[in-house]
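# Notes for the structure review
Below are the chains, spelled out letter by letter.
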Amino acid sequence: MAAALEPLSQGDELDGFVLGELVHSGRMGRVFRVTQRKPGEAIDFPLLMKLPRTGRGSGAEGLLAFETELTVLPLLAGPHVPRFVAAGDLARTPYVVVEWVEGTSLQALLAGGPLALELAVQHAAAVADALHGLHSQGAIHLDLKPDNVIVRASGVAALIDFGMAHHARAPDLHAEESRYAAGSAPYVSPEQVLGIRTDPRSDLFALGVMLYEMSTGKLPFGSPQTLAGLADRLWVDPVPPRARQPSLPQWLQEIILRCLEPQAERRYQSAAHVAFDLRHPEQVPLTERSTKKHRASVPQHLVRWWKSRRAPLAEAPHAPRSLDAPVIMVAVDTMHPDDVRHPAIRQAAARLLAETREYRLILVSVVRGEPVAPAAERRGIHLEHLIRLRHWVAPLGVAAGRLSLHVIESLSPTRSLLDFASANNVDLIVIGAPAGEQPALSWWRSVASGVTANAHCSVHVVRVAES
Amino acid sequence: MVLALLSDVHANLEALEACLKHARESGATRFAFLGDLVGYGADAGAVVSVVMRHAQEGALVVKGNHDDAIARGAPYMNDAVRESIAWAREQLTPEQRDFLAALPLSRRDGRSIYVHASAANPQRWTYIDSPAAALRSMRAGEAVYTFGGHVHEQVLYAEVEAGAKEHRPVSASAINVASHRRWLALVGSVGQPRDGRPAAGYAIFDEPRARITFYRVPYDHDAAAAKIRNAGLSAALAYRVARGV
């Protein structure tokens with residue numbers, strides 16, 4: 001095929017794809033918009049083709065990134081990644097055709113300086129959702145930066161450029177000490193600097209850098225241009241975001257600094273937990289991170305530096321998969337607080353929590369909303385059910401930082417529970433099975449089966465034996 | 001052509017039959033046996049006859065150190081293993097012994113090389129236990145794909161700029177192995193896995209699609225272990241098969 005020898009250009013055809021506009025030409029290769037010569041039925045989205053630079057003068061780095069993307073993308077699905085369409089033989093005509101993700105890159109959104117708080121939080125939560133989607137499929141992006149985040153019109157974030165990615169089920173061909181392109185250096189986690197490529201929490205560090213950037217307009221660690229500059233990542237303490245932007249709320253500083261912990265163990269352990277905290281700021285447990293006014297002093301920095309040299313983060317021994325840090329949602333019927341199923345549901349929850357080291361427990365009670373009721377009355381009802389939830393969960397002894405309680409007023413409990421579960425990346429719903437012929441509870445009968453049938457996650461149905 | 005790669009059967013008929021059935025159901029049309037048909041297990045004769053039948057139908061077979069020990073002995077092996085070799089020698093027919101003795105140390109076929117241990121000096125039975133050892137084997141074999149066994153583990157090595165990178169495959173998950181770089185696949189052990197899981201290990205290579213898939217296949221390992229005990233062989237060997245250690 002002549003195509004492999006002559007550089008392709010607009011109008012050329014390769015394996016049934018017609019090349020359109022050349023949208024990027026860089027060190028790593030070229031990117032064209034493409035269309036199918038015979039439009040297929042399954043593909044109803046725009047396409048792009050990536051062609052790596054091959055031959056003389058092109059670094060092996062670019063090809064490796066290309067090969068990595070080719071390996072990882074076909075293993076992934078969902079709205080958070082470009083859909084994989086086709087690939088050429090790497091040994092003969094290397095190319096890859098993927099979905100052209102329509103939307104605006106976070107880089108473009110940041111061009112005007114820091115974002116309004118609400119927008120920054122919204123985008124960060126969307127990126128956290130995307131990371132959760134990625135991590136639960138066994139992949140780690142490892143090159144997260146505003147350039148590589150496309151916000152779709154729907155607000156959903158898609159991650160692009162998987163050239164540095166790692167997938168648990170595919171060989172990782174990158175050398176341990178990969179060089180980082182200058183644009184990526186500000187976002188690289190400390191463990192990546194040390195050559196560890198298997199820790200999903202590295203992406204949460206990068207998310208923290210982006211959230212810092214979105215809310216302050218500054219980069220927490222600057223833009224190091226050298227490897228020595230990158231090594232600072234192991235010990236340099238960033239200026240607290242509120243010191244740069246005093247109007248930022250404490251809970252946001254808490255979330256950002258927790259993402260930026262140099263020790264991965266001290267960060268969030270799951271992207272789903274970050275997304276949850278961003279969407280429920282009132283439930284973020286505040287620590288000394290939230291009120292920090294200054295970065296570490298010079299002597300403190302010396303200590304941090306010394307420690308980082310003596311114990312260079314150790315290895316990441318058992319990097320947790322996202323499923324090791326599940327979000328568990330328990331539907332608690334606080335309308336019937338004396339129901340016989342409550343102890344059984346609580347016991348089931350206790351058993352599940354005992355199995356996991358790192359979890360987030362969400363209790364949700366759906367109460368019949370009466371939209372016409374006066375606001376004061378509704379507040380009272382809300383508070384009453386919140387107190388019942390707190391009472392319900394007390395015997396489990398869950399730490400405040402892992403627990404959140406929600407009372408939802410709704411006339412459609414099934415829909416509300418399902419919506420709440422999918423909006424918060426819930427991994428498992430625990431719900432009581434309907435009891436026998438109890439007419440008063442017939443309302444819940446349809447809820448349990450509706451949730452079980454339509455949930456996007458696992459559902460644990462707790463049944464009490466009837467005497 | 002979809003090729004099933006089976007190594008270190010070690011006279012375990014139950015495990016071999018389970019893998020062959022699984023491979024055929026997965027679309028395998030060709031078979032390669034990467035050595036150590038005998039030793040440890042209690043079905044030396046039956047296993048060799050299955051493999052001889054496959055060889056007549058075009059299967060590739062190379063010699064392992066246990067197969068070699070049938071004719072030449074193996075002073076380096078421990079007592080229990082030497083005992084199982086001596087026992088196997090008695091169980092095999094002269095024709096089966098000749099078949100083992102005549103096996104080549106390595107076979108080359110298209111872009112692939114098949115060898116029990118390392119393609120660098122196959123007769124020394126070197127263990128591929130590091131990326132460096134893998135790299136030596138890949139380069140010595142001068143093939144795109146090097147397939148082997150001997151270490152009883154499933155590992156895939158890729159040649160990269162800086163040397164070789166190691167990957168621990170997940171069962172039944174296909175891996176792209178594009179032919180622009182060298183790959184070395186250790187396909188695991190059919191008859192005596194050693195990672196604490198008794199399920200039999202093997203791999204399927206789909207050359208046209210440049211994909212390799214490693215599998216772990218559950219089989220009746222208790223039956224295989226009972227046969228070892230009933231044959232009067234070392235209880236330790238039965239225990240290893242039953243526990244996958």
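Figured I'd write up the structure that's included with this text. No experiment lies behind these values; they were computed from the predicted model shown.

### Section: the overall build of chain B
When helices and strands are counted, chain B shows eight helices and twelve strands. Radius of gyration (C-alpha) of chain B: 17 Å, near the 18 Å computed for a compact globule of 245 residues. Projected onto its principal axes, the C-alpha coordinates of chain B cover approximately 50 × 35 × 35 Å. Going through the 245 residues of chain B one by one, you find that 61% of them count as buried. Within chain B, contacts between residues separated by at least 24 positions form 71% of all contacts whose residues are at least 6 apart in sequence. In the structure as shown, chain B presents an accessible area of about 9700 Å², 47% of it carried by carbon and sulfur atoms. For chain B, the centre of its 28 positive side-chain charges and the centre of its 26 negative side-chain charges are spaced 4 Å apart.

### A closer look at the interface of chain B and chain A
Taken together, the contact between chain B and chain A spans 15 residues of the former and 15 residues of the latter. Carbon and sulfur atoms supply 57% of the area that chain B and chain A bury against each other, a total of about 1200 Å² over both sides. Considering only the surface of chain B that becomes buried against chain A, Lys-165, His-167 and His-180 of chain B emerge as the three largest contributors, covering 39% of it. Seen at the junction of chain B and chain A, the total is one salt bridge. Between Glu-67 of chain A and Arg-181 of chain B there is a salt bridge whose closest N-O contact spans 2.5 Å. Applying the counting criterion to the chain B and chain A interface returns five residue pairs in polar contact (both at pLDDT 80 or more).

### Re the sheet that holds strand E12 (residues 211-217) of chain B
Residues and elements named next belong to chain B. Strand order in the open sheet formed by six strands is E3-E2-E1-E11-E12-E9, with mixed pairing between adjacent strands. Two strands bound the open sheet, and with one partner strand each, they are strand E3 (60-61) and strand E9 (175-176). Both strand E1 (residues 2-6) and strand E2 (residues 30-33) contribute to a ladder of four bridges, which runs parallel. If you follow Ala-4 over to E2, its bridge partner there is Phe-31. Each of E1, E2, strand E11 (200-206) and E12 touches helix H1 (residues 13-25); the most contacted strand, E11, lies at about 30° to it.

### Observations concerning the pattern of salt bridges
All names here are of chain A. Scanning the model with the defined rule gives 36 salt bridges over all chains in all. Of the charged contacts, one joins Glu-191 and Arg-267 as a salt bridge, the two residues approaching to 2.8 Å between their closest N and O atoms. Of this pair, Glu-191 sits in helix H4 (residues 190-193) while Arg-267 sits in the loop between helix H8 (250-259) and helix H9 (271-279), and the two are 76 residues apart along the sequence. Here the two residues Glu-191 and Arg-267 agree in accessibility, since each one is buried. Residue Arg-378 pairs with Glu-409 through a salt bridge whose shortest N-O separation is 3.3 Å. Residue Arg-378 is located in helix H13 (residues 375-393), and its partner Glu-409 is located in strand E14 (residues 403-410); the two are separated by 31 residues in the primary sequence. Here Arg-378 falls in the partly exposed class, since its relative accessible area comes to 32%. Overall, the relative accessible area of 29% leaves Glu-409 in the partly exposed class. Several salt bridges converge on common partners, so that one network encompasses Glu-254, Glu-261, Arg-266 and Arg-289.

Cut-off values and rules
- Residues numbered from 1 in each chain as written.
- Chains lettered and ligands numbered in written order.
- Predicted model: local features only at pLDDT ≥ 70, side-chain atom pairs only at ≥ 80, totals over all residues.
- Heavy atoms only, no water.
- Helix = DSSP H or I, 4+ residues; strand = E, 2+ residues; numbered from the N terminus.
- Rg over C-alpha atoms; globule rule 2.2 N^0.38 Å.
- Buried < 20%, exposed > 50% of the residue type's maximum accessible area, 1.4 Å probe, protein only.
- Contact = heavy atoms within 4.5 Å.
- Areas by Shrake-Rupley, 256 points an atom, 1.4 Å probe, with all protein chains shown as cover.
- Lys, Arg positive; Asp, Glu negative; His and termini not counted.
- Charge placed at Lys NZ, Arg CZ, Asp CG, Glu CD.
- Buried area = accessible area lost by both parts, 1.4 Å probe.
- Salt bridge = Lys/Arg side-chain N within 4 Å of Asp/Glu carboxyl O.
- Polar contact = N/O pair within 3.5 Å; in protein donor to acceptor, adjacent residues only side chain to side chain.
- Pairing = 2+ DSSP bridges.
- Axes fitted to C-alpha atoms, helices over the stretch in contact; angles between N-to-C directions.

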